[in-house]
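# Structural characterization, general
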Amino acid sequence: WLGLISAGAIAIILAFVVITIRRTPGNPVADIERALAAGEFVPYYQPIVDIRSGQLRGAEVLVRWRKEDGSLVLPGAFIPLAESSGLIREMTRDLMRRVCVEAGSVIGCRPAMKISFNFAGQLFGDESIVKDVRKIFSGSPIKLSQVVLELTEREPIENFTETRQVIAALQGLGVRIAIDDVGTGHSGLSYMLKLGVDIIKIDKMFVDAIGTDRNSTTIVETLVDLAHNMRMDVVAEGVE
Ligand code: MN
């Protein structure tokens, strides 16, 4: 009897512990998962302007975590965890779908306008993303030729061959690829350029220092020349 009772008691205590752990805030990955299901990750739009004409050329989508109480969390606080847990993939797909819904008609009727998304390096390491991108935009007024996907130079590329193939397949859809944060990485620009990208985005760090630091000015000039020689477009970050 005693044995039965204590076995029952242990089972109840165990069940209680499991439920408590699940509900306790402090499991950050579970928090992200829940927020994702609740649609709390929302797009913000960073304009990209033509420096000659002053015209709007498009926008870069930046993710914000808008919590139930209305507070906003910046990506630095959740993207690393989203990446290490693998949730980044669903987060990115969700963001693309949202942009299609809320800005699809506005962007779609201006074919020259581009819309950029930040893609974690790991997304370029898996071919199935090509299908995802095609599927998401095929049901939207946004044409694939308006889509730009940004790959950061900040982190090393894990599988160069695979990444290069995925980039080529995406470009086959009409999508353009940008190297983000150029000048901050350790991979070396020539290595990154072997990926066959269309656009380089010069990191804010260099742009900020134009006019005050001679090296930065020279680096920016060199990058612009290089991009033009390689028939790539240039975006300067942080000009605002
Ligand atoms: Mn970016």
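Shown above is the structure to which this text applies.
Report on the accompanying structure.

Conventions adopted
Residues numbered from 1 in each chain as written. Predicted model: local features only at pLDDT ≥ 70, side-chain atom pairs only at ≥ 80, totals over all residues. Heavy atoms only, no water. Donors = N, O, S within 2.8 Å, 3.2 Å for Na, K, Ca; no water. Helix = DSSP H or I, 4+ residues; strand = E, 2+ residues; numbered from the N terminus. Buried < 20%, exposed > 50% of the residue type's maximum accessible area, 1.4 Å probe, protein only. Phe/Tyr/Trp six-rings, centres within 6.5 Å; stacked < 30°, edge-to-face > 60°. Lys NZ or Arg CZ within 6 Å of the ring centre and 35° of its normal. Contact = heavy atoms within 4.5 Å. 1 Å grid on protein atoms, 1.4 Å probe; cavity = no way out; pocket = protein on both sides within 12 Å on 5 of 7 lines; lining within 4 Å. Points joined across faces, edges and corners; volume = space filled by probe spheres on them. Nonpolar A, V, L, I, M, F, W, Y, C, P; charged D, E, K, R; others polar. Salt bridge = Lys/Arg side-chain N within 4 Å of Asp/Glu carboxyl O.

### Details of the coordination of the manganese ion
Summarising the metal site, the manganese ion is bound by the protein donors E60 (OE), N118 (OD1), E150 (OE) and D180 (OD), whose distances to it range over 2.1 to 2.2 Å. Positions of the donor residues of the manganese ion, expressed as sequence spacing, correspond to E-x57-N-x31-E-x29-D. Taken as a pair, E60 in strand β2 (residues 56-66) and D180 in strand β6 (residues 176-182) lie far apart in primary sequence, 120 residues in all. Note on accessibility: E60 and D180 belong to one class, buried.

### Remarks on the packing of aromatic side chains
The tally for this structure, following the rule as stated, stands at six aromatic pairs. An angle of 90° between the planes, with centres 5.8 Å apart, marks the rings of W65 and F78 as edge-to-face. With W65 in strand β2 and F78 in the loop between β3 (72-73) and α3 (79-85), the pair connects residues that are 13 residues apart, well separated along the chain. Taking relative accessible area as the criterion, W65 reaches 7% and is therefore assigned buried. Grouping aromatic residues by their ring pairs yields a cluster made of F41, W65 and F78. In this arrangement the basic side chain of R64 is found over the ring face of Y44, its NZ or CZ atom lying 5.6 Å from the centre. Over the ring of W65 we find K67, and its NZ or CZ is 4.6 Å from the ring centre.

### Brief notes about the side chain of T92
Mapped onto the elements of the fold, T92 is located in helix α4 (residues 88-108). Leaving out residues up to four positions away in the same chain, T92 has contacts with N118, F119 and L123.

### A look at the layout of surface pockets
Each pocket or cavity is described by its volume, and for the second largest pocket that value is around 260 Å³. Lining the second largest pocket are 14 residues, with G121, Q122, P156, I157 and E158 sitting closest to its centre. The class makeup of the residues in the lining of the second largest pocket is five nonpolar, six polar and three charged.

### Let's talk about the pattern of salt bridges
According to the stated counting rule, one finds 14 salt bridges in the structure shown. Notably, a salt bridge pairs D208 with K204, separated by 2.9 Å at the nearest N-O pair. With D208 and K204 both in helix α8 (residues 204-208) and four residues apart, this pair spans about one turn of that helix. Owing to a relative accessible area of 43%, D208 belongs among the partly exposed residues under this scheme. Accessibility expressed as a relative area gives 39% for K204, which makes it partly exposed. Among the charged side chains, a network of salt bridges with common partners joins R89, E90, R93, R97, D126 and D132.

### Some details on the environment of K114
In this structure, K114 sits in strand β4 (residues 114-119). The sequence separation of K114 and S84 amounts to 30 residues, and the corresponding C-alpha distance is 29 Å. Ignoring any residue separated from it by four or fewer positions in sequence, one finds K114 in contact with R57, G58, A59, S145, Q146, V148 and R176.

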